[in-house]
Amino acid sequence: MIPVPSALNSSHLKISEFILMGFPGIHRWQHWLSLPLVLLYLLALSANLLILITIRQDLTLHKPMYKFLGMLSVVDAGLATTIMPKILAIFWFNAKTISLPQCFTQMYAIHWFVGMESGIFLCMAFDRYMAICHPLYYPSLVTDTFIFKAATSMMIRNSLLVMPVPVLAAMRHYCSGNEIEHCLCSNLGVISLACDDITVNRFYQLVLAWVMIGSDMALVFSSYVLILHSVLKLNSTEAISKALSTCSSHLILILFFYTSIIVVSVTHLAGRKFPLIPVLLNVLHNVIPPALNPMVYAFRTQELRLSFQKVLGQRGEMSRK
């Protein structure tokens, strides 16, 4: 867990825990939302676990694209698990309190997993760019070593860039209110309780969004512009259709991921008038993509769909025996 800096001793830090109130304005009946949320959570866990098992057992899926998809499944499951157990505890057991170290740790984990998801989308975009625009160089460049280095660099990048978020939040002076009108420890929700200046916190949150998410998004869409430009040069309609079909599922998920981030960011501006909207969208943004990503790939990718059927068929035969 993220430790509270020693400088913030009991004489300076007046509170030792936060209270997560849940969804603003609907506290009395918010527990009814636990049903759709827990269904989404279980779907995310089971679907991503199925993808990992399928990729591991089917040798035909031991390709860079599916290895990146496996990483995405791990990240999606981790992101959903970072927030959902606490949210369900709030709704079912009224367990609203969370210690400061636990809160800052959750804050760090959420930012880290979101950054990893963005980084993996960038890796997947580069994989498709090389496969379509430079097919001759693809086998020698996009190797297992490249995949390992790309994943490691993304983890190091996110670890270094995200760490100042909870550290700066822990350095603030929380002297009075400790009730957070949210289901999770969002950075802006936590620092809004601080009694001292939070300009640095807000500034770094903005810098982090532009440096990490913004740069990934720019590179991803640049890759697809180059892919589209290359594909349209093909003379065969069948070749164009085949090339675009390999990217369609990836592009759908990318558009949903980055659009939802933009929408969540924009709705924070209207948070004072309609506080429920940004909180609800923030929670859904961390739960829906983990459940949606495997389904989109399963429906849009024939190779993966056939592998699902093969793995499930094998397990069905084993259970009958």
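For clarity, every value in this text was computed on a predicted model and none was experimentally measured. (Residues numbered from 1 in each chain as written. Predicted model: local features only at pLDDT ≥ 70, side-chain atom pairs only at ≥ 80, totals over all residues. Heavy atoms only, no water.)

### What about the nonpolar core?
One finds F18, F104, Y174 and V190 to be the most contacted residues of the largest nonpolar core, which totals 91 residues. Looking at this core, the element that brings in the most residues is helix α3 (residues 100-133), giving 21 residues. Beyond its immediate chain neighbours, meaning those up to four positions away, F18 contacts K96, T97, I98, L100, C103, F104, Y174, N178, I180, V190 and L193. (Core = buried A, V, L, I, M, F, W, Y, C linked by side-chain atoms within 4.5 Å. Buried < 20%, exposed > 50% of the residue type's maximum accessible area, 1.4 Å probe, protein only. Helix = DSSP H or I, 4+ residues; strand = E, 2+ residues; numbered from the N terminus. Contact = heavy atoms within 4.5 Å.)

### Comments concerning the pattern of salt bridges
In the structure shown here, the tally under the stated rule is six salt bridges. In this structure, D196 engages R172 in a salt bridge whose closest nitrogen and oxygen atoms are separated by 3.4 Å. Here D196 is found in the loop between α7 (187-191) and α8 (199-231), whereas its partner R172 is found in the loop between α6 (164-170) and β3 (179-180), with 24 residues between them in sequence. Taking relative accessible area as the criterion, R172 reaches 14% and is therefore assigned buried. (Salt bridge = Lys/Arg side-chain N within 4 Å of Asp/Glu carboxyl O.)

### Some points on the UniProt feature "transmembrane region" (unreviewed entry) in the protein
Within the UniProt annotation, "transmembrane region" (unreviewed entry) is assigned to residues 38-56, 68-93, 105-124, 207-231 and 251-270. As a span, residues 38-56 carries 100% helix and 0% strand, and end to end its C-alpha atoms are 27 Å apart. Annotation note: span residues 207-231, helix share 100%, strand share 0%, distance between end C-alpha atoms 35 Å. (UniProt positions renumbered as here; feature names shortened; annotations may be inferred.)

### Observations concerning the pairing of strand β1 (residues 17-20)
In β1, alternate side chains face the same way, and those of F18 and L20 are buried while those of E17 and I19 on the opposite face are not. Pairing analysis gives three bridges linking β1 to strand β2 (residues 97-99), with the strands arranged antiparallel. Looking at β2, one finds that E17 is bridged to S99. Alignment of β1 against β3, held across two bridges, turns out to be parallel. Looking across to β3, one finds that L20 is bridged to I180. (Pairing = 2+ DSSP bridges.)

### Concerning the side chain of K96
Tracing the backbone through its elements, the reader meets K96 in the loop between α2 (64-93) and β2. Within the buried set, K96 has no salt-bridge partner at all; the shortest N-O distance to an opposite charge, 8.0 Å, is to E179. The residues touching K96, leaving out its near neighbours within four places in the chain, are F18, I19, L20, M21, K86 and I90. (Lys, Arg positive; Asp, Glu negative; His and termini not counted.)

### Some thoughts on helix α10 (residues 276-300)
With 25 residues, α10 should cover 36 Å at 1.5 Å per step; its first-to-last C-alpha distance of 34 Å lies within 8% of that length. Residue H285 marks the point of greatest curvature in α10, where the axis turns by about 30°; the proline P289 follows within four residues. (Expected span 1.5 Å × (residues − 1). Bend = angle between axes of the 7 residues up to and from the residue.)

### Digging into the state of the cysteines
For the structure shown, the criterion picks out two disulfides. One disulfide bridge connects C103 with C185, the sulfur atoms lying 2.1 Å from each other. Measuring handedness by torsion sign, the sulfur bridge of C103 and C185 sits at about -125° and is left-handed. Here C103 is found in helix α3, whereas its partner C185 is found in the loop between β3 and α7, with 82 residues between them in sequence. Looking at C103, the relative accessible area reads 0%, which means it is buried. C185 gets classed as buried once you look at its relative accessible area, which sits at 1%. Put simply, C175 and C195 are joined by a disulfide, and their sulfur atoms are 1.9 Å apart. Looking along the S-S bond of the C175-C195 disulfide, the torsion reads about -100°, which is the left-handed sense. (Disulfide = S-S within 2.5 Å.)

### Let's talk about the packing of aromatic side chains
Following the criterion strictly, the structure yields nine aromatic pairs and no others. An angle of 80° between the planes, with centres 6.4 Å apart, marks the rings of F18 and F104 as edge-to-face. Of this pair, F18 sits in strand β1 while F104 sits in helix α3, placing them 86 residues apart in sequence. With respect to class, F18 is no different from F104; both count as buried. Where F18 meets Y174, the ring centres are 5.3 Å apart and the plane angle is 85°; that geometry is what we call edge-to-face. One end of the pair, F18, is in strand β1; the other, Y174, is in the loop between α6 and β3, with 156 residues separating them in the sequence. Of the two residues examined, F18 and Y174, each falls in the buried class. Site record: aromatic cluster; members linked through ring pairs are F121, F221, F257 and Y258. (Phe/Tyr/Trp six-rings, centres within 6.5 Å; stacked < 30°, edge-to-face > 60°.)

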